[in-house]
Each structure stands twice: as structure tokens, then as C-alpha cells.
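Summary of the model geometry
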Amino acid sequence: ESDVLTELPIGTVLKVLQLGEGRRIKISSTTKGSTIEGWISSKTKLNEPLVMKSRPDLGSCIAEFEVGGQHEVKSPITVRQGEGLDTPVVTELKVGTIIRILEIGKENTRRAKVSCDSAEGWISTVTKHGELLIGKVEEMGGSGGNASL
């Protein structure tokens, strides 16, 4: 048994340094300019995954999500009252809905508080398998966001 260095929030990007015995892996992670290195379990005792491989470009995709950013829904998304996936559902957003990011998740960086014309709440920006649920919208000139034909 060894000392606990820290708890890693859901969505933390890890680099695998070494495979250990059984379910153990040695990892490093850099957050807020500080790098931590240590051993973690890759699976639960019931063999359920605790970490999963992400797309190589996933970190850069998530980095593009910023407070104030305007995005388009690419896949139907559930909007919830809170950051947690166990909070009550507010609504579902349809493909093509334009949203604005109000806050990035503190516990899970794949989650964001957003607003649109019909709702405000928390969504997943990326699936747990690394598929983007929203895409960046390049803002057109003008202040209203509506185009004239």
C-alpha cells in the first residue's frame, strides 16, 4: 500500500509511462503547469475500465472550447441542471442548435454549461469515446447573429 498523491478528476488526460502487474499502470499528467507522476489502477476489481484511450487530437479539440465560444450541436445532446450526469434533465438539443459556452466543467472538462435560445444547462461536449458533440461556429460580422438575404 502506498501514499495517495492526488485524485484525478474525470476527463484528465494521462500519459501511460509503464505497464505494471495486473491492473496497475504508471502515468503522468500535467494540469495547471504542474506534472504529477504515479501508479493508478486501470480497471476496477470487477474489470470495468477506469481509463480509456482517447483520440490523439481530443485534447486539442477540448482546448478549443472556451467560455464565450459559440458552437453548433453536431449530435443530439441532453441538457442537465448541473455538471453531474446524475442531475435532472432540462431538455434535449437538436442538431444545428447554436449554443454559447458559459462555463467549463470543474470535475469533468468534457462538460460545459451552455445557453441557447430555448435553454440553459450542462452538456457533454465530447463522448467518452472521444467523438465531438459540438463544433465551433465562426462568428459572422454584425451583432445580432442573424443574416439578411
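Quick notes on the rules
Residues numbered from 1 in each chain as written. Predicted model: local features only at pLDDT ≥ 70, side-chain atom pairs only at ≥ 80, totals over all residues. Heavy atoms only, no water. Helix = DSSP H or I, 4+ residues; strand = E, 2+ residues; numbered from the N terminus. Buried < 20%, exposed > 50% of the residue type's maximum accessible area, 1.4 Å probe, protein only. Contact = heavy atoms within 4.5 Å. Areas by Shrake-Rupley, 256 points an atom, 1.4 Å probe, with all protein chains shown as cover. Core = buried A, V, L, I, M, F, W, Y, C linked by side-chain atoms within 4.5 Å. Salt bridge = Lys/Arg side-chain N within 4 Å of Asp/Glu carboxyl O. pLDDT = per-residue confidence, 0-100. Pairing = 2+ DSSP bridges.

For the protein, the count of helices and strands is 1 helix and 10 strands. Ordered by position from N to C terminus, the α and β elements of the protein give β-β-β-α-β-β-β-β-β-β-β. Expressed as a percentage of its 149 residues, the buried residues of the protein come to 30%. The long-range fraction of contacts in the protein, counting pairs at least 24 apart against all pairs at least 6 apart in sequence, stands at 42%. Counting only carbon and sulfur atoms, one obtains 50% of the accessible surface of the protein, whose full area is about 10,600 Å².

Within the secondary structure, S29 sits in strand β2 (residues 24-31). In this view, S29 contacts T12, V13, L14, S34, T35 and I36; residues no more than four positions away in its chain are not counted.

With 15 residues, the main nonpolar core has I77, L93, I99, I123 and I134 as its most contacted residues. Those elements that place two or more of their residues in this core are β5 (77-80), β7 (98-104) and β8 (111-115). L93 has contacts with V73, S75, P76, I77, V79, I99, C116 and I123, leaving out every residue within four places of it along the chain.

This part is about the pattern of salt bridges. By the definition in use, this model includes 4 salt bridges. For E120, the salt bridge is made with K113, and the minimal N-O distance between the two is 3.6 Å.

Chain-level statistics for the protein give a pLDDT mean of 82 and a share of 83% at 70 or above. In this model, residues 141-149 is a region of pLDDT below 50 whose contacts with residues beyond four sequence positions or in other chains number 0 contacts.

Attention now moves to the pairing of strand β9 (residues 120-124). In terms of burial, β9 is largely enclosed, as 4 of its 5 residues are buried. Across 5 bridges, the pairing between β8 and β9 is antiparallel. Looking at β9, one finds that A112 is bridged to I123. Hairpin connection from β8 to β9: 4 residues lie between these consecutive antiparallel strands.

Turning our eyes to something else, we now look at unusual backbone geometry. With a phi close to 70°, N47 is a non-glycine residue in the positive phi region. On the secondary structure map, N47 appears in the loop between β3 (34-41) and α1 (58-63).

A few words on the side chain of S42. Along the chain, S42 turns up in the loop between β3 and α1. Dropping the residues within four chain positions of it, S42 is found in contact with R23, I25, E48, P49, L50 and V51.

Summarising the element assignment, E72 is placed in strand β4 (residues 70-73). Assessed through its relative accessible area of 28%, E72 is described here as partly exposed. On a C-alpha basis, the gap between E72 and G96 in space is 5.6 Å, while along the polypeptide they are 24 residues apart. With near-sequence residues (within four places) excluded, E72 lies in contact with G96, T97, I98, L133, I134, G135 and V137.

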